[in-house]
Every structure is written in C-alpha cells, then in structure tokens.
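Each chain, written out:
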Amino acid sequence: MATAAAASASEAEAEPKAGPEAEGEEDEAKAARARRKVLSRAVAAATYKTMGPEWDQQEEGVSESDGDEEYAMASSAESSPGEYEWGYDEEEKNQLEIERLEEQLSINVYDYNCHVDLIRLLRLEGELTRVRAARQKMSEIFPLTEELWLEWLHDETSMAMDGLDREHVYDLFERAVKDYICPNIWLEYGQYSVGGIGQKGGLEKVRSVFERALSSVGLHMTKGLAIWEAYREFESAIAEAARPMAGFLSPSDWEQTFDSQLEKVHSLFRRQLAIPLYDMEATFAEYEEWSEDPIPESVIQSYNKALQQLEKYKPYEEALLQAEAPRLAEYQAYIDFEMKIGDPARIQLIFERALVENCLVPDLWIRYSQYLDRQLKVKDLVLSAHSRAVRNCPWTVALWSRYLLALERHGVEHRVISVTFEKALSAGFIQATDYVEIWQAYLDYLRRRVDFKQDSSKELEELRSAFARALEHLKQEVEERFNESGDPSCLIMQNWARIEARLCNNMQKARELWDSIMTRGNAKFANMWLEYYNLERAHGDTQHCRKALHRAVQCTSDYPEHVCEVLLTMERTEGTLEDWDIAVQKTETRLARVNEQRIKAAEKEAALAQQEEEKIEQRKRARAEKKALKKKKKIRGADKHRADEDDEKEWGDDEEEQPSKRRRVENSVPPAGEAEPGSETNLSGSSAPTGTEPPSELKEVRVGARRRDVPKVPHDSSKDGVTVFVSNLPYGLGEPAATLRPLFETCGDVVEVRPIFSNRGDFRGYCYVEFREEAAALQALQLDRQSVEGRPMFVSPCVDKSKNPDFKVFRYSTALEKHKLFVSGLPFSCTKEELEEICKAHGTVKDIRLVTNRAGKPKGLAYVEYENESEASQAVLKMDGMTIRENVIKVAISNPPQRKVPEKPEARRASGSALLPRQVYGARGKGRTQLSLLPRALQRPSAATAQAENGPAVPPAGATPATTEAPKMSNADFAKLLLRK
C-alpha cells in the first residue's frame, strides 16, 4: 500500500549529492535557482513589511499573490499534468466507472484500491469538489502514501487564493506529516510556508516548520540534507536582504540585526556538521568558504566525530540502496544496530523509515509501539504510533489491544476509548478468537474503572452491560460469520462469574453464570467443574461445594478419577459418615461404569483396527492376483509367438496341444499319472525338469541377460552436495539421460545423469543428476515442477533419509498464512490465467499455484497469495460461494491441517492388548505368505493354533510336547492323501 520515495516536484533538490547519485544536474540547477528566487523575493517582502514603508525596496515590488503565483509555478514546473482531450465516449465511460466505484465503496469502505481508482478518475474529470471529498474520506480510513499526499497538496496549493485557503493548505500539511515521516513532504511544507512570509507571523511560521522538519527527518542520512540546505538558504536570504537596510538604521542597530542573522546561519552549519549525513565533506567546504572567520576547533572535532559515525552507518545505508522495496530484512538489521547504540531519536527515525515501505507488517508496528511504550513513554508519540498502526493493519487484534492499553495508560478520557473499541469491532478480524481477545481487553479496562467498595455505581452497571453485550455479540454476529463463537471455554463468562463472586460478593449471579457455562457443552470437562468448585470453596459454602462435586462425578467424562478423588478428600475432612458413604457409593458406581465404557471402546477400536488390517491384506492380495494375471497373460502371448517359430521336434508332435501343456507345466499341478514329455513325476505329483527348458525359462534367461546389460552404479553419498534427485518422470521415457541433460545443463556443467532401472531393465521414473559445482545444484532446484513430456518433474536435494529422517522436501508452508487463500471446487479446466483474472479484482495477486497430482492433472484446488492480509480477507468475503462454470467454489484463509503420522497396526492393537490376544510370530517376524503347509485333513483345531493363527504358538502351561505336536508323515503318506480320490 505504501511505497516510499514517490516522484514529486521537489525530488531533484531533495536528493543528496554524495549519497545516491543525483539525476539531471541541469534540472537541479534550474530548480535551485527558482527556489532561491522565490526565497529572496519572499524574504524581501517580509523585511519590507517588518521594517515599515521607510525602506523602499530596490528590486521589483513583490506582493503576496505574486509570491504565491511564482511559488506555484516553481513547484509545479515538473509535476503539472498536461492537458488531455477526451471524447464523449471516454467521458461517459469514466462516469460509469466512477459510479461503479462509489457503489462498491458504499458496500465495502475498506477497499483501498477502489479509493485510489476513484480519486484518479475524479481528478482526471476535473471534479474538484468530489475529488476533495473522496480524498478526505480515504484519509479518514487509511494513511495516505507520500505520492497521494503530494498530489493532493499540489492541487490545493494551486487553487489557494487568499489567507483562508492558505490556512486550509497548512492544515493539510499538518495531516500529511503525521501519517508517515516523509522528507519530501516536509521540504514542500517549508517551501510553501516561505510563500506566506509576508503575512502576520509568517517569519516565525517558516522557522517553526523548518525546525520541526529537522527534528523529524534531519537525521535522515540520505534525504535529511535537503532540509538542512533549504533552511540554511532561507536564513542566508534573510541576511542578504538585511544588507540594503544599512542606510535606514543606525549603525549599532544594523550591526546587531545583521550579526544576529549571521549567527543563525553559523548555528545551522554547526548543527548540521555534528550529524552524520551524506555529502558532509561538501558542506564543510561550503562552510569554510562562506565563513569569514576560521572554523572553531570544537566544530572541527564534532565534524570528525560525525564522519566516524558515518562510516559505521554506511554499510546499512548502502544495503538499503542496493536492495529492492520493501527491504524488510535490511531495515530489521538496521533497527537492531540502532537499538544497540540506544539513541532514541535515531531509533524512532529508522522505525519510521522502515514503516514507510512496510506499513502492512503488523509485527513491525508491534515492535515499534512496544519500544515507545517501554522506553520513550511520550504521550503524543505513543498514541500517534498506535493510531497509525491500527489504520494500516486494522485486521490485527494485537494492535487494537495495545492501543486500548496505551489510551488507558496515558489517561485518555473514557469516551475516546469507547469510540476506539467500537472501531475495533468493525475492523473485520479474520478469526473468531480475535473478537474474544478484543472484548477481553475492553472488559478488563472497564473493570479497572469500577470502585467495588461501593455497592452500586454507574461504572459497575456499565461493566455488567458490556459483559452481556459481549456474550450477545459472540453468539449472534461472530458465530453467524465464522460458525463458531470463538469462546468454547466461555472465558468471558468465567471472568464475569469471578468478578461477581470475588469483587461484588454476588454468589447467586456467579452460580447462574456457571450453570450457563456448563449447559454449553463444558459439563464433561473435569477442569471446568474444579474451577467452579474452587470458586464455591473460596466464596460460597460447603453445601454448594458438595453439590457441585456430586454433579461433576456424574457428568465428567475426561478425568472422572480426579473429580472422584476431590470429592472423597472433601468428605474425609469435612463430611459426616453418611456423606462419606454416599460419596463412596457414587464414585465406585461411576468408576465401574467408566471402566465398562472404556473396555467397550477399546474392543470397538481393536475390531476396527482388525477390519482395517483385513482390508489392507485383501487389497494386497487383489493387487498380487492382478499382477500375476497380467504377468501370466504376457507369458502366454510370448510363448505362443515362440511356439509358432520353434521346430515341432523340440516341443512335441502335436502343435495345437502345446499351449495347454505349457500352461499346465507353468501354472498348475498335473493330475496323477500325467506328466510332460521329458519329465519325471515325484511322489507329490509335480514334474521335475529335464534338460529341455520351457519357454518361461527361456524368458527368464533373456530377462537375466538384459538385467546384466544395465550397469549397477553404487551411489556415492560424498557427492550429495553437488547432486539433485529427480523424480516423477514418465516411465516411458526412452532415453532419460539424453532427454534430461540439455534441460539441466542450463544450470551448470553436468557431470553425469544417472537414471535408475529395475531388474528387468525398465526405467523406474527417477534419476540422479550430478553437477561439477554446488552452485549449479542449487540452481537446478529452481526446475522443480517443470513439465517433462506432460508430467511435472520433482527436483529435490539429494539427502540420505536414513541418516536424516526429519528431512522434508515439501517447500510450501503448512501453517496459517493470513495473506494466502485456499480455493477448492474449481473446474478441472480452469487455468491459472483465468483464476488470476478473477482474483486480481480484489487485490494485488503475488502468486497462484494450481494443485495437480503426480501426473500433472489438476485436482480442482488452488492457492492464491495476495500482497497483504487485508486484501486476502476481502477476497474471502467476495469470492467464497462464487460460481465458476457451474462449479461453486469455496474460499478460505490457508490453514492446512496438521500432518499426522499414520499409526502402525501394532500400536493400534496395543491399546486393546488386554482384550484380544496378540499374534505371535517367529524369530524372523511375520512370514511373507503365512500359508500352512499341513493339509486341511490333518489339521486339528486347538486353542493354541487358533490363538497363533498360522504362526508358531506358545504351548499352554502344563502341556507336554507329545500332546501338541502333529504326527509325523512320510512322503508315501502324503502321496496316498493326494491320490485318495
């Protein structure tokens, strides 16, 4: 919103000569000559008016209107806009746009861009009255940038005709210098005040403006020089104008007047040379040339000391000059440096300079206001900073809370604080909890106003009314907007109950409030009951304490043991035998019921975990069967192709029967007595291979040959610094190395592109790219998400995750980002450009990211990053529920849920281990197939085998090995079983 160093009429003369290089020396010389001419004529007019008609001015007569006109011409020589000729159609179009902007502002007065566009169009159309009203309205809501203020001031100064208009312009200047510290505005203010030097008190007004300008921006190392030079030229012009007065005054009076004026110029030189500023050497040389007397030693010492200080500040100033706006990191480093030195004036200046370009950074405002609250403690400075902070970042509740505290701390009247709180409520916070926080801050303030020694007072009634209004506001307006009140624990109501009990001695009201708290879903929490019990314990009676604990025992579900323990402790110390018996009976009954519920919940959870495991196993089996079937089809096709080419003698006489025979050999067990040619049948009915190899084995040989052709290159972890890991590549990429090498050579010298292949020789979709230099590897990370044959390529650092398990390559934030929006429900055909066109109507869009799957297909989701939080919050209000191509989209502030590590099945079963038996595996863990090799006919159901499923089981206590072992069988026995039918 705020951009510093706007182009203005006086920018050429405001830039220092030895800091940033001045542009256009000829233009600067012209501006300086015009300024000196205006100064000299204005000073001459003031001198004439001060000394009376005795002194006839030797030069041209000068009047107020002439001075004003010449000043206006000089100040607008470069910035006056040219004349534009607009056709009727263009004017009509502008009028329609003006009406649209005014209507939009009537709906949302906090739309900053609408204000700017409206002012621009009204100024273009020449609507002076309406543009003045539009500027006034905008300045009441937002602080204006330096560019907007200079444009407004230029328009007003060009229209100022008399003394009343000049006073109006003075008021505008006063408002302008309060928004931000801007050297250019102060310079314009000083020069404009020179034009009114002929009025009553004009000379004092000019000096007052310049002195205030020096206090505000005189320490500015790069732009403060212009203020010093303008002030010095003004005083020098006064001294030069006093020379012709020698003939009209007595020698003593003239000498006293002239010496006094020269001393003012000397003083300005000495003050300036004691401050570290750019181009100090030229100022010192100018002083030596101007002064008729030698420069005092004390001035030289101060000058040398300032030069030493300048060398310390130069690195920070040069960092600011080299960086691009908003330069937040550079300003933060500069602030830290100034805080170590501890000069309050310089600390305040660097904060103000940083805020000109970073006015939408709440943390910077908080740090600045905190420094003012704790260190300077000057009322005007503190309240001004807080006021500007909430005008720049109205959505930040912390700034409003600090503002209310500052107003109370400095004794501002109650009416002003109440008005400020009402503004905070209408600021448009983006979270429901923010409203709870601002209500708590205001209620704390109202509570501190009450004198509780009186039974009733106006302040106490106002406090109670505010509590009731807060509850109503959270219940209706906040809950309607956010679908939550923001206060689930009823903190505001708890505070109200404590105040009624402790400060007002009104336990009846406190009990009513606690009843309301419990009926809002808090009765199941033990801490809520114990808080109520402690309140009754301190300010109530034993009967109500016992009653509260009995209710807590029946209602608490999170920590009932703790509540039961508190009840028994109270009855043990204060209760009768009957009370003790009742308490024991109730606690035992309640705890028994709780244990039953927990057992049922554990059983249910264990059952769900078991079902989940079964589903996982079913999916694994289904995938395995599908994979086997696919492999089987490939083998059949290959075998059929080879069978057509092989000789009939190699595979048998009947060509048509060969495929079925091959299928029996590969995929099934042939019936007893039937075997393939050239094979021997063992007792179990399987055929043993002979010297002739079936086609499936031929394929394995060929695959093995192809596997041997792929070189196995071990990964060298010592080169991880110069290597990147590239994944999500198309599996059908013919020559990965040849395809990727030109792409990565744009980042640096590529040593090797190492694609990874499977054992069968198929490309696995990822590779390693090794560079010669580490800088090239870092540059290659910028290629992440670039499309390769229609698929987004993932590029990440090469890190061994076995040594760095916490390493994450996800480059996007997973926390709350108030300036970023999450958009869901988008049409899959929606492009980035189309979404940007929709979003930019609500603010400045920095970036848009469409979420895609690994294949690069859109998922209907997007992240939209705005310039600031205010624009993002406005976009949520405008875009949520919008229809795009018959799709209703949802828009919210980006706040991804926390990523949870999936719980292992063993951990899920641990909670229900007491209910379900744990499966026992062998020493090598769970088997891959877990198939029982014992025929079903010989299996004997037992508790141990049922408990252990198909794995080895622990024999029950007292059982002997003879009773648990199955009878041993020979191969002949197995053969008989298989041939029984």
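By the naming in an unreviewed UniProt entry, the protein chain goes by Spliceosome associated factor 3, U4/U6 recycling protein and is assigned to Ovis aries.

**Notes on the nonpolar core**
Membership of the largest hydrophobic core comes to 162 residues, with the highest contact counts inside it found for I185, I438, W439, L443 and I492. The element best represented in this core is helix α21 (residues 432–449), accounting for ten residues. For L443, the contacting residues outside a window of four places in its chain are L463, A466, F467, A470 and I492. With 20 residues, the next largest nonpolar core counts F744, C747, V750 and V753 among its residues.

**Some words on the side chain of E352**
One can find E352 in helix α16 (residues 344–357). The exposure class assigned to E352 is buried, which follows from its relative accessible area of 3%. A distance of 2.6 Å separates a polar atom in the side chain of E352 from a polar atom in the side chain of R388. With residues near it in sequence (within four places) discarded, E352 still touches I181, Y368 and R388.

**Focus: the pairing of strand β7 (residues 791–797)**
Most of β7 sits out of view: five of its seven residues are buried. Pairing geometry for strand β3 (residues 723–727) and β7, over four bridges, is antiparallel. Paired with F725 across the bridge in β7 is S796. From the end of strand β6 (residues 786–788) to the start of β7, which pair antiparallel, there are two residues, and E789 there has a positive phi angle of about 55°.

**Focus on the packing of aromatic side chains**
Aromatic rings considered in pairs are described by the distance between their centres and by the relative angle of their planes. Applying the stated criterion to the full structure yields 30 aromatic pairs. Chaining the aromatic ring pairs together yields one cluster made of Y170, F173, W186, Y189 and Y192. The ring centre of Y192 lies 4.3 Å from the NZ or CZ of R166, which sits over that ring.

**Considerations on the sheet that holds strand β8 (residues 817–824)**
Picture the strands of a sheet paired through backbone hydrogen bonds; they go either parallel or antiparallel. In spatial order, the strands read β9-β10-β8-β13; together these four strands make up an open sheet with antiparallel pairing. Both outer strands of the open sheet, β9 (845–852) and β13 (890–894), are each paired with one neighbouring strand and no more. For this sheet, the mean angle separating the axes of adjacent strands, direction not counted, is 25°. One ladder, built from five bridges, connects β8 with β13; its direction is antiparallel. Its bridge partner being in β13, E817 is matched across the sheet by S894. Contacting β9 and β10 (858–866), helix α34 (residues 832–839) runs over the sheet at an angle of about 140° to β9.

**Details of a positive patch on the surface**
A cluster of basic residues, K626, K627, K630, K631, K634 and R760, forms a positive patch on the protein surface. For K630, the location among the structural elements is in helix α28 (residues 577–645). For K630, a relative accessible area of 54% gives the class exposed.

Rules used throughout
- Residues numbered from 1 in each chain as written.
- Predicted model: local features only at pLDDT ≥ 70, side-chain atom pairs only at ≥ 80, totals over all residues.
- Heavy atoms only, no water.
- Core = buried A, V, L, I, M, F, W, Y, C linked by side-chain atoms within 4.5 Å.
- Buried < 20%, exposed > 50% of the residue type's maximum accessible area, 1.4 Å probe, protein only.
- Helix = DSSP H or I, 4+ residues; strand = E, 2+ residues; numbered from the N terminus.
- Contact = heavy atoms within 4.5 Å.
- Polar contact = N/O pair within 3.5 Å; in protein donor to acceptor, adjacent residues only side chain to side chain.
- Pairing = 2+ DSSP bridges.
- Phe/Tyr/Trp six-rings, centres within 6.5 Å; stacked < 30°, edge-to-face > 60°.
- Lys NZ or Arg CZ within 6 Å of the ring centre and 35° of its normal.
- Axes fitted to C-alpha atoms, helices over the stretch in contact; angles between N-to-C directions.
- Patch = residues over 30% accessible without salt bridge, like charges linked within 9 Å, V, L, I, M, F, W, Y side chains within 5 Å.
- Areas by Shrake-Rupley, 256 points an atom, 1.4 Å probe, with all protein chains shown as cover.
- Salt bridge = Lys/Arg side-chain N within 4 Å of Asp/Glu carboxyl O.
- Lys, Arg positive; Asp, Glu negative; His and termini not counted.
- Charge placed at Lys NZ, Arg CZ, Asp CG, Glu CD.

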